[in-house]
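# What the coordinates show
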Amino acid sequence: MAVSNDAAVNRSGSAHADRNIATAKGDAKSKGIAILEGLLGRGNASVIPLREPQVRVLPHEKPDARPKWLKKLAIRHTVIAASFLGLVALPAALASLYMAFIAADQYHSTTSFAVRSIEGGVSTDILGMFTQASGGSTVSDSYILMDYILSERMAADADRRFKLEDVYATRGLDYFYGIGADLPIEDKLYYWRDMVNVNFDLASGIMQVNVKAFDPKQAREIARFVVDQSDNLVNSLSLSARNDVLRAAQDEVLAGEARLSKARAGLRDYRDKSQEISPEEGAKLAVQLIGGLEEELTKLNADLAAAKSQMGEDTPRIRVLKTRIGSLEQQLTVERQRLGAGGKTSAAGDPDGPDVAGRIAEFEELETEREFAERAYTAALGSLEKARIEANNRQRYLALFIEPTLSEMAQYPSRLLNALLVILGLLFAWGIGVMSYYNIRDRA
């Protein structure tokens, strides 16, 4: 009983203490309010109690039933998601479906060849024939051939031969890889360059042509047509080069023939004018004649000396000997002048004609010109014959070592690769657009 009384006393004491603490806090708060009102000069102003905010709920509004993750999304996020679906997901799905079920199968035919030259000797084995260096001329011919295969002329020839609009007509719903009708030659050339691929290896000189078509046999036929046209072009280039060589050799022969004819005509005119075949032979005869005259003159002088020792000066014999000696001396002087002793007397007695030495010099000049013209003419004839022999051979030719192949399985289009490229391209474009939007938004 005493314990319960003590507990009741303790409880009454604690309650009294709590009331005292609350009273003290109220007094302190009242004093604080009074001080604040005194400082503001509003000691007599009445304090208006603040009302609690009330939330007004309209009767027609309903609570938001969206999930929490959707409530956190802003409008721009919704636009970005919609753009991804419309610009990336949907086109990628359509492209994948097109590649998987609509795109028509394409087959290819591959052929390899090279432009070779037989100049500089012929190789002894087949491997050397394809690996020997042919010089810069075959490289330039290869580039000419590559441009020709992808040229408008080749496309036009192939169109006349195969009718490209029929060969590459649209298969089913595949309007992307097919060709239209009644197209100009420029559009056909663009499509031709898409269907025909040419690769040239400069190190080996090998050219590889890859032709695509919807039918493997048509692809092989078009590849054979390309090879035939290329061979004709190489042959025409070789023929043109050979004709140029022959034309140059023939011009040299004509020039040498004209020069030889002129030299022979000059030599003939000299012989007609000098009336001798060769002045050298005439000089030999003149020397022999002078020797004979000198011998006879010596004999007559000896006879004259012997006659003077036996007869007088006025005897007929001495006068005859003196007359003969004078004639021989005069004749000897004339013959010596003909050999170039200073006089000008021709073989026919023309005092204005050249002497023997002059005639020999003129004759040697004409003879030298004739001999040189003959040698040049002979060399020109040899060059012409050699050019003619080489012209009968094919200096440049198309070495075909891989015939056009016939495919058994479609290699094009690359469905998985094309679909992947489309998806990556769409993602790249969409990503650039989104980053550009956020960049502009952050700077605004």
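Coordinates for the structure precede this section.
Further remarks concern the pairing of strand β3 (residues 206-213). Burial analysis of β3 places six of its eight residues in the buried class, the great majority of the element. Where strand β1 (residues 107-117) lies against β3, eight bridges are found, and the strand directions are antiparallel. Bridge pairing in β3 links T111 to V209. Taken together, the five bridges between strand β2 (residues 196-200) and β3 define a ladder with antiparallel strand orientation. Its bridge partner lying in β3, V198 is registered against V209. Linkage of β2 to β3, two consecutive antiparallel strands, is achieved through a turn of five residues, within which G205 is found at a positive phi near 75°.

Following the criterion strictly, the structure yields eleven salt bridges and no others. The shortest N-O distance in the salt bridge between E367 and R370 comes to 2.1 Å. Highlighted residues: E367 and R370, both in helix α12 (residues 356-391), separated by three residues, approximately one helical turn. Residues E367 and R370 agree in their burial class; the two are buried. Close ionic contact of E374 with R370 constitutes a salt bridge, the shortest N to O distance being 2.5 Å. Within this pair, E374 and its partner R370 are both found in helix α12, separated by four residues, close to a single helical turn.

Quick notes on the rules
Residues numbered from 1 in each chain as written. Predicted model: local features only at pLDDT ≥ 70, side-chain atom pairs only at ≥ 80, totals over all residues. Heavy atoms only, no water. Buried < 20%, exposed > 50% of the residue type's maximum accessible area, 1.4 Å probe, protein only. Helix = DSSP H or I, 4+ residues; strand = E, 2+ residues; numbered from the N terminus. Pairing = 2+ DSSP bridges. Salt bridge = Lys/Arg side-chain N within 4 Å of Asp/Glu carboxyl O.

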